[in-house]
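Coordinate inspection notes
Residue-level listing of the chains:
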Amino acid sequence: DIELVKQWVAQHPDLTSNNILLNHSGSQSGNHKHLLAQLSTFGIDAKVKTPLSYGDKQHINDTLAFGKSALGRSFQPILDYMDRNAYFELICTSGYAVFGHRRQEAGNTLFIALMSGTKIFLHPQSVLLPFLKDQGYHFYTWTDLSAKALSTPLTKEERSKNYELACIQFSEETIAENYTRILG
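Residues numbered from 1 in each chain as written. Predicted model: local features only at pLDDT ≥ 70, side-chain atom pairs only at ≥ 80, totals over all residues. Heavy atoms only, no water.

1. Let's talk about the state of the cysteines
One pass over the full model with this rule turns up zero disulfides. Among the cysteines around Cys92, which has no disulfide bond, Cys167 carries the closest sulfur, lying 12 Å off. Residue Cys167 is classed as buried on the basis of its relative accessible area of 16%. (Disulfide = S-S within 2.5 Å. Buried < 20%, exposed > 50% of the residue type's maximum accessible area, 1.4 Å probe, protein only.)

2. Quick notes on the packing of aromatic side chains
Following the criterion strictly, the structure yields three aromatic pairs and no others. Ring geometry for Phe111 versus Phe131: centroids 6.3 Å apart, planes at 75°, classification edge-to-face. On the criterion of sequence distance, the pair formed by Phe111 in helix α5 (residues 107-116) and Phe131 in helix α6 (residues 129-135) is long-range, its members being 20 residues apart. A relative accessible area of 11% places Phe111 in the buried class. The interplanar angle of 35° and the centroid separation of 5.7 Å between the aromatic rings of Phe121 and Tyr140 together place this pair among those described as tilted. Here the residue Phe121 occupies a position in strand β5 (residues 119-122), and Tyr140 occupies one in strand β6 (residues 140-141), the gap between them amounting to 19 residues. Cluster of aromatic residues (ring-pair linked, three or more members): Phe111, Phe131 and Tyr137. Over the ring of Tyr140 we find Lys119, and its NZ or CZ is 4.8 Å from the ring centre. (Phe/Tyr/Trp six-rings, centres within 6.5 Å; stacked < 30°, edge-to-face > 60°. Helix = DSSP H or I, 4+ residues; strand = E, 2+ residues; numbered from the N terminus. Lys NZ or Arg CZ within 6 Å of the ring centre and 35° of its normal.)

3. Digging into the packing of helix α2 (residues 32-40) against helix α3 (residues 57-71)
Where α2 meets α3, the closest approach of the two axes is 10 Å, and the angle between their N-to-C directions is 5°. Relative to α3, the element α2 lies roughly parallel. From α2, His32, Lys33, Leu36, Ala37, Leu39 and Ser40 reach across to α3, where they touch His59, Asp62, Thr63, Phe66, Gly67, Ala70 and Leu71. (Axes fitted to C-alpha atoms, helices over the stretch in contact; angles between N-to-C directions. Parallel < 35°, antiparallel > 145°, perpendicular 65-115°, else oblique. Contact = heavy atoms within 4.5 Å.)

4. Things to note about the pattern of salt bridges
A complete count under the given rule lists two salt bridges for this structure. A salt bridge links Lys6 to Glu3; the nearest nitrogen and oxygen atoms lie 3.6 Å apart. Residue Lys6 and its partner Glu3 are located together in helix α1 (residues 2-11), separated by three residues, close to a single helical turn. The partly exposed category is assigned to Lys6, whose relative accessible area is 26%. The class of Glu3 is partly exposed, set by a relative accessible area of 45%. Among the salt bridges present, the one from Lys156 reaches Asp14, with a minimum N-O distance of 3.9 Å. One end of the pair, Lys156, is in helix α7 (residues 156-169); the other, Asp14, is in the loop between α1 and β1 (20-22), with 142 residues separating them in the sequence. Accessibility expressed as a relative area gives 55% for Asp14, which makes it exposed. (Salt bridge = Lys/Arg side-chain N within 4 Å of Asp/Glu carboxyl O.)

Next comes the structure, spelled out in structure tokens:
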């Protein structure tokens, strides 16, 4: 996976996008309604791409109705399963991503987004916050969400730093070291 993302970033080093990725699935823990309601207050016209191809069916139906009501045409649910390359493309072409989970979910999606230069907003109580902060990643929480924050991409330096950190974090050497440490 990381090699595909490296290739994509190398081919699109300065890509910027107004698209917003909202969560990675239709799980209830994504707090879709809360986030859609918050996004609706900003008067944004960006596409809010929302993967809902799996998860709790009732929650997905509720999210579909609420998203259409709150954001109109800006709400773009993704209801069909995407192959890996299409999903990577979705992540990498999103200038912004908002994740509503407190627990560790969407880790692969999150790190692909960080690596590709996407500006990330996490739940303020996400269990990933201490790790990301300790590692030095540039990211934000819901409390930072605003129309301005969703129209101000990461700087080139911030994008580069996130890319470098993710490459180190997911290098074969680091993964081997982690396995060795875990397995003793």
